[in-house]
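Residue-level structural notes
Letter by letter, the chains look like this.
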Amino acid sequence: MRPEEPRRRVPRPAGPRRGRPAEGRSGGPPRRPAARRPARLRLGRHRARLRFLSVGLTLVLLVFVIRLLQVQAVDAGHYAQQANVNRYVTVPIAAERGTVTDRAGRELATTVDAYDITADPFLFTEEQSEVSDAPAQAAALLAPILGADPEALTRSLTDPPAPRYVVLARQQTPQVWRQIQDLRRALAQKAKDGEGANVLAGVYAEPRAKRVYPNRELAAGVLGFVTSDGRGGGGLEAQLDKELAGKDGKITYAQSAGRRVPTAGAEEQPATPGTSVELTIDRDIQWAAQQAVSEQVRKSKADRGYVIVQDVATGEVLAMANAPGYDPGDLTRASSTSLGNAALQDAFEPGSTAKLMTMAAVLEEGKAVPETKVIVPNRLGRAGRAFADDHDHPTYHLTLTGVLAKSSNIGTILAAERLGDRQREANRVLHRYLRAFGVGKKTGLGFPGETSGILAKPDDWNASQQYTIPFGQGVSVNALQATSVYSTIAGGGVRIAPTLVKGTTGPDGRYTPAPEPKRNRVVSEETATTLSRMLEAVVHDEQGTGKVAAIPGYRVAGKTGTSNRVDPQTGRYRGYTASFAGFAPADNPRVTVYCAVQNPKRGSYYGSSVCGPVFHKVMTFALKSLRAAPTGGKPAGLPTTFEPGE
């Protein structure tokens, strides 16, 4: 047998030995390094990170919750108010002013469509308009259209009385508002195209009716006028302003970018229209009176004049005309002297037209009759002075009717002295009658600025007054007071308080007549009838001073007046007051007419020459307008003179 061969060793793969580098072995090729296994990733601690994130989110949410509580709970009212200020606008709704008509329903004062141009100053701030000088730019654009001062408009927009509302111009026509609208649209289009800002975005218009007077100057003194802010500034417009104006409403609505938000709703308080007023004035008679007195004032170059026409049976004033007048719809052309109602506001000495009251006292007291004889010298010495008539004359032999017909001052003094055994007693009796006729107290109209006239107490009459007051000097009246004296005699001795308002129509359409005027008897019907016949002699007798007032077909009772005039500037006598008063038909009185012209400077200054023609024109027109039947009879024909020795 073969002996066993030794075992062959199988070499191991080359590699480093433990504790030796592979390259350290000698005599053999270098070994390839073994591939490394990838490093094992380890995750951080996630619980800590989640806690940090949770805490951060909690803090953020807590801030939001706190802020939300502050806005919605703690400061909710403040923020709600601020939001409303920025979003909601409250504007007034103008009430329509009541119409004023004459007794036949014809308009004397009414309203037409107009606009108040307003603005929201908040929208002109730099923050809202994005323009630093938006108020100035807007003012420059609006001033030519509104006819306003650019600086004043700028101030209104910069420092307004209210933060969200200011009136730039009142009672502008629809054409003016259309101009502003066209300009706004043009600016809005440019702003849309990036060519600037719309500086008129905060300009609006509110409907505000404008007061107009269709007849212009007609009855302006009675009607008065309305100021630019819609309030009555004079006359009945001021006296009845509360009734005529009504009550303004208001509306609160949401707006955005200067425009109303239609879907946001609105809170509205409607306006209450004003009450309409029907006057006693007759438009046609008013026109005739105004034309006649205006023509005479121009012709005689007088300071002013007035005519009043009154219905005898009712006391209603049918006309109250002043000259010069003014247009209440255009006060820019009115002078300060023509504003107001001089027929009620002027106090003047009436002169001889007041002699009727003296004669009424003498007849009512039974101290004389129309045929009583009065010897009238050329001069009468009383109180250290010599009284005279308006002209030198021989001794007149007049009846009491003749004294009135010739308008003798001396004869009137002699008649007045019959009222008492002593002059003081006579003064007191005459004063009582003057007061009963309405002298020295207001007429009852309640008209703004109306004068009561001047009538001193009888014990205060000086030595001269106790002789001048009987013939109308030293006592003052207004024109309506003087008219009422003659209406009292025409009405049978009963004084009816004058009225200007016939009735009113409220917002509900219900008509309410004016209260019945007060009536008081001044003299008996017999005395009134006698005085009417005596006044006829003034117009129809050859001795009368008022023949120019005669109207064919009618019996006319009237009286002339010429008095020294007190200059309101100096308080001294300068110039004259010419007047004429009367009624017709004398036997069945329908209407009283009174005319007075102050300080005529051209031609005659006598009442018969200046106011007689005015009376004739106005009375003739009034009788025809009222369809008064012609008298058909002859005047009473009371004697005016007597022969010496009779």
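Residues numbered from 1 in each chain as written. Predicted model: local features only at pLDDT ≥ 70, side-chain atom pairs only at ≥ 80, totals over all residues. Heavy atoms only, no water.

Rule in force here: UniProt positions are given in the numbering used here, feature names are shortened, and annotations may be inferred rather than shown by experiment.
Going by what an unreviewed UniProt entry lists, the protein is known as Cell division protein and is assigned to Streptomyces alkaliterrae. Under Subcellular location (unreviewed entry), UniProt gives the following word-for-word description of the protein: "Membrane". The protein has a UniProt comment under Sequence similarities (unreviewed entry) that states "Belongs to the transpeptidase family."

**Some details on the overall build of the protein**
To be explicit about the condition: Working definition: helices are DSSP H or I runs of at least four residues, strands are E runs of at least two. Numbering for both runs from the N terminus. A contact between two residues is defined here by any heavy atoms of the two lying within 4.5 Å. What sets the accessible areas is the Shrake-Rupley method with a 1.4 Å probe; for residues, cover comes only from the shown protein chains.
When helices and strands are tallied, the protein shows 20 helices and 26 strands. In the protein, the share of contacts with a sequence separation of at least 24, taken over all contacts with a separation of at least 6, comes to 72%. Total accessible area computed for the protein in this model is approximately 34,500 Å², and 50% of it derives from carbon and sulfur atoms.

**Some thoughts on the pairing of strand β24 (residues 557-566)**
Under the convention used in this document: Type-normalised accessible area, obtained with a 1.4 Å probe on protein chains alone, sets the label of each residue: buried when under 20%, exposed when over 50%, and partly exposed for intermediate values. Pairing between two strands requires that DSSP report at least two bridges joining them.
Counting buried positions along β24 gives seven out of ten residues, so the element sits mostly inside the fold. Hairpin geometry of β24 and strand β25 (residues 573-584) is characterised by an intervening segment of six residues between the two adjacent antiparallel strands and by a positive phi of about 75° at glycine 571.

**With respect to the packing of aromatic side chains**
The following threshold applies: Aromatic pairs are defined between Phe, Tyr and Trp rings, using the six-membered ring for Trp, whenever the two ring centres lie within 6.5 Å; interplanar angles under 30 degrees are classed as stacked, those over 60 as edge-to-face, and all others as tilted.
Taken as a whole and judged by the stated rule, the model has six aromatic pairs. Geometrically, the ring pair formed by phenylalanine 225 and tyrosine 326 is edge-to-face, given 6.4 Å between the ring centres and 80° between the ring planes. Residue phenylalanine 225 is located in strand β8 (residues 225-226), and its partner tyrosine 326 is located in the loop between β15 (317-323) and α11 (342-345); the two are separated by 101 residues in the primary sequence. Tyrosine 326 sits in the buried class, given a relative accessible area of 3%. Considering the side-chain rings of phenylalanine 387 and tyrosine 467, the 5.9 Å spacing of their centres and the 55° angle between planes classify their relative orientation as tilted. You can see phenylalanine 387 sitting in strand β18 (residues 385-388) and its partner tyrosine 467 sitting in helix α16 (residues 465-468), a full 80 residues away along the chain. The buried category is assigned to phenylalanine 387, whose relative accessible area is 2%. Cluster of aromatic residues (ring-pair linked, three or more members): Tyr576, Tyr605 and Tyr606.

**Comments concerning the environment of arginine 432**
By the secondary structure assignment, arginine 432 is in helix α15 (residues 423-436). Spatially, the C-alpha atoms of arginine 432 and lysine 457 are 9.7 Å apart, while their sequence positions differ by 25 residues.

**Let's talk about the sheet that holds strand β6 (residues 203-207)**
As a reminder of what qualifies: Helix axes are fitted to C-alpha atoms over the stretch in contact, other axes to C-alpha atoms as well, and angles between N-to-C directions run from 0 to 180 degrees.
As summarised here, the arrangement of the three strands in space is β5-β4-β6, forming an open sheet in which the pairing is antiparallel. The open sheet is flanked by β5 (166-172) and β6, the only strands paired with a single partner. Within this sheet the neighbouring strands show an average axis-to-axis angle of 25°, counted without direction. Summarising the sheet, strand β4 (residues 115-119) and β5 pair through four bridges and their orientation is antiparallel. The partner of threonine 118 across the bridge, within β5, is valine 167. Running over the sheet, helix α4 (residues 134-146) touches β4, β5 and β6 and is turned about 25° from β5. Helix α6 (residues 174-192) rests against β4, β5 and β6 of the sheet, and its axis sits at about 155° to β6.

**Some points on a nonpolar patch on the surface**
Threshold: Only residues whose relative accessible area exceeds 30% and that form no salt bridge are eligible for patches; like-charged ones are grouped when within 9 Å, while nonpolar side chains (Val, Leu, Ile, Met, Phe, Trp, Tyr) are grouped when within 5 Å. A pair is scored as a salt bridge if a Lys or Arg side-chain nitrogen falls within 4 Å of a carboxyl oxygen belonging to Asp or Glu.
On the surface, Val55, Leu59, Leu62 and Ile66 cluster together into a nonpolar patch covering about 380 Å² of accessible area. Its place among the elements puts leucine 62 in helix α1 (residues 46-74). A residue is classified by how much of its surface remains accessible, and leucine 62, at 45% relative accessible area, is partly exposed.

**Re the packing of helix α12 (residues 355-364) against helix α14 (residues 409-416)**
What counts is decided by this rule: Any angle that is under 35 degrees is reported as roughly parallel, and any over 145 degrees as roughly antiparallel; angles of 65 to 115 degrees are reported as roughly perpendicular and all others as oblique. Helix crossings are classified by the rotation of the near helix relative to the far one: an anticlockwise turn of less than a right angle makes the crossing left-handed, while a clockwise turn makes it right-handed. Asp, Glu, Lys and Arg are counted as charged, while Ala, Val, Leu, Ile, Met, Phe, Trp, Tyr, Cys and Pro are counted as nonpolar; the rest, among them Gly, fall into the polar class.
Viewed as axis vectors pointing N to C, α12 and α14 meet at an angle of 30°, and their least axial separation amounts to 10 Å. The angle between the axes of α12 and α14 places the two elements in the roughly parallel class. The interaxial crossing formed by α12 with α14 has left-handed handedness. Note on element contacts: α14 touches α12 through Asn409, Thr412, Ala415 and Ala416, opposite Lys355, Thr358, Met359 and Val362. Among the residues making up the contact of α12 with α14, the classes are represented as four nonpolar, three polar and one charged.

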